[in-house]
Amino acid sequence: MNNKEGNNKRGGSRPNSSRSNSSKPKPPMAKRAQGPKKVKPAVKAAEEEAAQKLKKQNQAPKRQKASDEIRLNKYISNSGVCSRRDADIYIQSGNVKVNGVPVTEMGYLVKLNDVVNFDGVVLTPEKKEYILLNKPKNFTTAFDEGQEYRNVLELVRGSTNAKIAAVGRMDKNTTGLLLFTNDTDMIRKFTLPNQKSSKIYQVSLDKNLKFEDLEKISKGLVLDGHRVFVEEISYIEKEAKSEVGLKLRSSNVKVVRAIFEHFDYDVLRIDRVAFAGLTKKNLPRGNWRFLTDQEVINLKNA
């Protein structure tokens, strides 16, 4: 009996319940904001295909590149003035002329005999090459010493088809770093007497270098009417006093020899161990390697 009463109580109506008002109509719910309708993949692909066809109709047909033609930006890059990406910027800005006519078209083709004017300068299409050699003894940069001594170009033969030349001169007894390039501006730069880049030489003398002579050399001297500035001179650590390190800006080995001969020393050997930031690291005697792009940039800024 108690169970029935309990069930009746639980099942009884609640006068104050909110359910009594459930018969009233509810207010309509606000509509959700709808985004753009998703395009079906098949429809999207068809639209893109139609756009591509329309684009191709509006474009001029591409001309087949001949064997003696090259893209204008590559022509400029091969000339060594800037990268292809930078060349595109110059082309778009109207700073490049081909045979006297400004060209702003991307992908424009030129022939090797065309005259390309880049920002006021006529370019040569030959790619600039930069090769570093660790020169051994008994090779010379001269061509007039007979057949007894071989020319240094033999050591870099086959490295490139470009007409490269040595930067500066080296006699048969001088060893160490020697730069080759077809960049005439680079060659001219490092043969000027007022260049700013440093070279380091290890010099072997016939006798010990006196300390007072070392001090005199460190202050600079006048040779043949020209002032020679020496950045640094010191004895080679753990070597005899006849082994001397010399740092100066001249790339002319004759100047190095003349400095010590001025103080009555005979120079037995000269080894160039550093050239404008380049070193002999991982470059055994008689071997060569191409410079990296960053090394070329550093040389141009040296």
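Nothing here was measured: the structure is a model prediction, and the numbers come from that model.

S.K.: How do you make sense of the side chain of Asn182 when you look at a structure like this?
M.R.: Examined against the element boundaries, Asn182 turns out to sit in the loop between strand 11 (174-181) and helix 5 (184-191). At 2.9 Å, the side chain of Asn182 and the backbone oxygen of Lys127 are in polar contact. Not counting residues within four places of it along the chain, the set of residues in contact with Asn182 comprises Glu126, Lys127, Lys128, Glu129, Ala162, Lys163 and Ile164.

S.K.: Would you explain the sheet that holds strand 3 (residues 101-102) in this entry?
M.R.: Sheets are built from strands that pair by backbone hydrogen bonding, the pairs being arranged parallel or antiparallel. Strand order across the open sheet formed by 4 strands is 3-2-5-6, with antiparallel pairing between neighbours. Every other strand in the sheet has two partners, leaving strand 3 and strand 6 (121-122) as the edge strands with one partner each. Summarising the sheet, strand 2 (residues 96-98) and strand 3 pair through 2 bridges and their orientation is antiparallel. Each residue of the ladder has a partner; that of Lys97, found in strand 3, is Pro102.

S.K.: Quick question: what am I supposed to make of the packing of aromatic side chains here?
M.R.: Given two aromatic rings, one states the distance between the centres and the angle between the planes to describe the pair. One pass over the full model with this rule turns up 3 aromatic pairs. Ring geometry for Phe190 against Phe275: centres 5.2 Å apart, planes inclined by 50 degrees, an arrangement best described as tilted. With Phe190 in helix 5 and Phe275 in strand 17 (residues 267-275), this residue pair connects regions lying 85 residues apart in the sequence. With respect to class, Phe190 is no different from Phe275; both count as buried. A ring pair is formed by Trp288 and Phe290, whose centres lie 5.3 Å apart and whose planes are at 90 degrees; its orientation type is edge-to-face. Across from the ring centre of Phe275, 5.4 Å away, lies the NZ or CZ of Lys199, which sits over that ring. Here the basic side chain of Lys207 rests over the ring of Tyr265, its NZ or CZ set 5.2 Å away from the ring centre.

S.K.: What am I meant to see in the layout of surface pockets here?
M.R.: Take a probe with the size of a water molecule and roll it over the atoms, and the empty space left behind shows itself. Here the largest pocket is characterised by a volume of approximately 880 Å³. Surrounding the largest pocket, 34 residues form its lining, Ser250, Ser251, Asn252, Val253 and Val255 being those nearest its centre. The biggest single contributor to the lining of the largest pocket is helix 7 (residues 253-261), with 5 residues. Looking at side-chain class alone, the lining of the largest pocket contains 13 nonpolar, 10 polar and 11 charged residues. Of the residues that make up the lining of the largest pocket, three or more belong to each of domain 2 (130-193 + 282-301) and domain 3 (199-275). Size it by volume and the second largest pocket reaches roughly 620 Å³. Taken together, 20 residues form the lining of the second largest pocket, with Ser77, Gly80, Tyr130, Asp293 and Val296 sitting closest to its centre.

Conventions used here
- Numbering of residues starts from 1 in each chain and follows the order in which that chain's sequence is written.
- Owing to the predicted nature of the model, reporting of local features is limited to residues with pLDDT of at least 70; listing and counting of side-chain atom pairs is limited to 80 or more, with chain, interface and lining totals taken over all residues.
- Excluding hydrogens and water, the side-chain values take into account all heavy atoms of the structure.
- Put simply, DSSP H or I for four residues or longer makes a helix, DSSP E for two residues or longer makes a strand, and each gets a number counted from the N terminus.
- Identification of polar contacts relies on pairs of N or O atoms within 3.5 Å, with a donor-acceptor requirement for protein atoms, meaning one able to donate a hydrogen and the other able to accept it, and with residues adjacent in sequence counted only if both atoms are side-chain atoms.
- We call two residues contacting when some pair of their heavy atoms lies within 4.5 Å.
- DSSP bridges decide pairing: two strands pair if at least two such bridges lie between them.
- The pairing test for Phe, Tyr and Trp rings, Trp by its six-membered ring, is centres within 6.5 Å, and the orientation test on the planes gives stacked under 30 degrees, edge-to-face over 60, and tilted for anything in between.
- The cut-offs for exposure are 20% and 50% of the maximum accessible area for each residue type, with area from a 1.4 Å probe on protein chains only; residues under the lower value are buried, those over the upper are exposed, and the others partly exposed.
- Should the NZ of a Lys or the CZ of an Arg lie within 6 Å of a ring centre and within 35 degrees of the ring normal, that charge is described as sitting over the ring.
- Here the term cavity refers to a set of points on a 1 Å grid, laid over the protein atoms alone, in which a 1.4 Å probe fits but cannot get out; the term pocket refers to an open set having protein on both sides within 12 Å along at least five of seven lines, with lining residues being those that place an atom within 4 Å of a point.
- Grid points are joined across faces, edges and corners, and a volume is the space filled by probe spheres set on the points.
- Residue classes follow a fixed rule: Ala, Val, Leu, Ile, Met, Phe, Trp, Tyr, Cys and Pro count as nonpolar, while Asp, Glu, Lys and Arg count as charged, and any other residue, Gly among them, counts as polar.
- For the domains described, the bounds stem from an automatic or database domain assignment.

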